Amino acid sequence: MTAAPEPTFSSLVAQAYRKGYAQHGEIDLKAERFENCLCLVMEKHPDSNGPAATATWVDYFQTLRTTDLYLTVACAQPTELAWKRFITAYQRFINEVARFVSPSNDVARELAENLLSDLFLPDGSGRSRIASFDGRQSLATWLRVVISRRAINHGLLKWNGFERGDRPPDVADKASIGRIEAAIRSNRYEAILHECLKLASESLTDRERLMLLMRYDEGLRLVEIAKVLAVHPSGITRQFQHIHLKLQKKIVSFLAVKYHLGPEAIKECLLDVIENPAHSLLVFLKASQVRGAVVSKHG
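Here the structure is a predicted model, which means the values were calculated and not measured. (Residues numbered from 1 in each chain as written. Predicted model: local features only at pLDDT ≥ 70, side-chain atom pairs only at ≥ 80, totals over all residues. Heavy atoms only, no water.)

Undergrad: Would you mind going over the packing of helix α9 (residues 206-216) against helix α10 (residues 222-229) in detail, with residue names and values included?
TA: Closest axis-to-axis distance for the α9/α10 pair is 10 Å, and the angle between their directions is 140°. Here α9 is positioned oblique relative to α10, judged by the angle of their axes. Crossing handedness for the pair α9 and α10: right-handed. For the pair α9 and α10, the contacting residues are Arg207, Leu210, Met211, Met214 and Arg215 in the first and Leu222, Ile225, Val228 and Leu229 in the second. By residue class, the composition of the contact of α9 with α10 is seven nonpolar, no polar and two charged. (Axes fitted to C-alpha atoms, helices over the stretch in contact; angles between N-to-C directions. Helix = DSSP H or I, 4+ residues; strand = E, 2+ residues; numbered from the N terminus. Parallel < 35°, antiparallel > 145°, perpendicular 65-115°, else oblique. Left-handed = near helix turned anticlockwise from the far one by under 90°. Contact = heavy atoms within 4.5 Å. Nonpolar A, V, L, I, M, F, W, Y, C, P; charged D, E, K, R; others polar.)

In structure tokens, the structure reads:
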């Protein structure tokens, strides 16, 4: 019996192009442009010397999210049809992730809007920023990481345990995105993050801890907290942003100074704080509240 012939690069590209078309429809993407992009992606594979149909190369190709690449390559051209499709498929997901990592709806809205603009605009090399997506993970995962890092960089991070809503749907991957990566990060940094969250909570003032507990443990609205503390609601919003930024800076400082972690490791830690429900600052805030009550009783 004759063995099936090895697939060629062109045949794999053609198959991926058909799948992309079936998923996203006509978005003004030529097959030649799609093939050129996949060539560049494959050249980055360490076991590949261009589109040579070795078993290792073929296996690597088949792990790529080519239907997502079909969309992002068209967006990078750019084409109006591609961006319309991108917005239809991912606008809701982007909005929900932005709300998840932001301290307020206004901040989340600005974060989501700025992300879409930045993905469209060219980077330092003159390419649209969305062209940096290489298909090695799902587009939803890539967007989630981009949004989370942008929130971290701008001090807009809400710590896990605060206003956690439903997990945003992954429109491109129905499996739990990043589950393996999250488990690895959790095992690697669990003890460190536990200590850092404890130290960060202890750096807060009594008023700051009270504000966080009222908001995220008791579920009070900002206007209700403002009334309790006799301040204007707009001032409460700024104070919460200040507290979030203060917590972030403290944790980053502890990770860098006490545990000697580099920038990439710190980013992984902060991402784990966002995603891992085991890391909740509320545990330490409540503990501080209990200790304060005991001290007041016996003082």
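Still more ground to cover, so stick around.
Undergrad: Can you break down the packing of aromatic side chains residue by residue, with the values?
TA: Per the stated rule, a full pass over the model turns up eight aromatic pairs. Both rings, one in Tyr17 and one in Tyr70, keep their centres 5.4 Å apart while their planes meet at 70°; by these two values the pair is edge-to-face. Highlighted residues: Tyr17 in helix α1 (residues 9-24) and Tyr70 in helix α4 (residues 66-76), separated in sequence by 53 residues. Look at Tyr70 and you get buried, because its relative accessible area is 0%. Ring geometry for Trp83 against Phe86: centres 5.3 Å apart, planes inclined by 70°, an arrangement best described as edge-to-face. Note that Trp83 and Phe86 are positioned in helix α5 (residues 80-101) at a spacing of three residues, about one turn of the helix. Judged by relative accessible area, which is 0%, Phe86 ranks as buried. Chaining the aromatic ring pairs together yields one cluster made of Tyr17, Phe34 and Tyr70. (Phe/Tyr/Trp six-rings, centres within 6.5 Å; stacked < 30°, edge-to-face > 60°. Buried < 20%, exposed > 50% of the residue type's maximum accessible area, 1.4 Å probe, protein only.)

Undergrad: Can you break down unusual backbone geometry residue by residue, with the values?
TA: Phi angles above zero are rare outside glycine, and Asp28 is one such case at about 65°. Residue placement: Asp28 occurs in the loop between α1 and α2 (31-43). Judged by its relative accessible area of 40%, Asp28 is partly exposed. Of note in this structure, His260 is not a glycine but carries a positive phi near 55°. On the secondary structure map, His260 appears in the loop between α11 (233-258) and α12 (263-275). Classification of His260 as exposed rests on a relative accessible area of 65%.

Undergrad: Pulling in residues and values, what's your account of the side chain of Arg209?
TA: Tracing the backbone shows Arg209 in helix α9. A polar contact is formed between the side chain of Arg209 and the backbone oxygen of Ser201, at a distance of 2.9 Å. (Polar contact = N/O pair within 3.5 Å; in protein donor to acceptor, adjacent residues only side chain to side chain.)

Undergrad: Tell me about α9, and please be specific about residues and values.
TA: Counted residue by residue, α9 has eight buried out of 11 residues, so it is predominantly covered. Of all the positions in α9, only Glu208, Arg209, Met211, Leu212, Leu213, Met214, Arg215 and Tyr216 are classed as buried.

As far as function goes, none of this settles anything; it's purely spatial.
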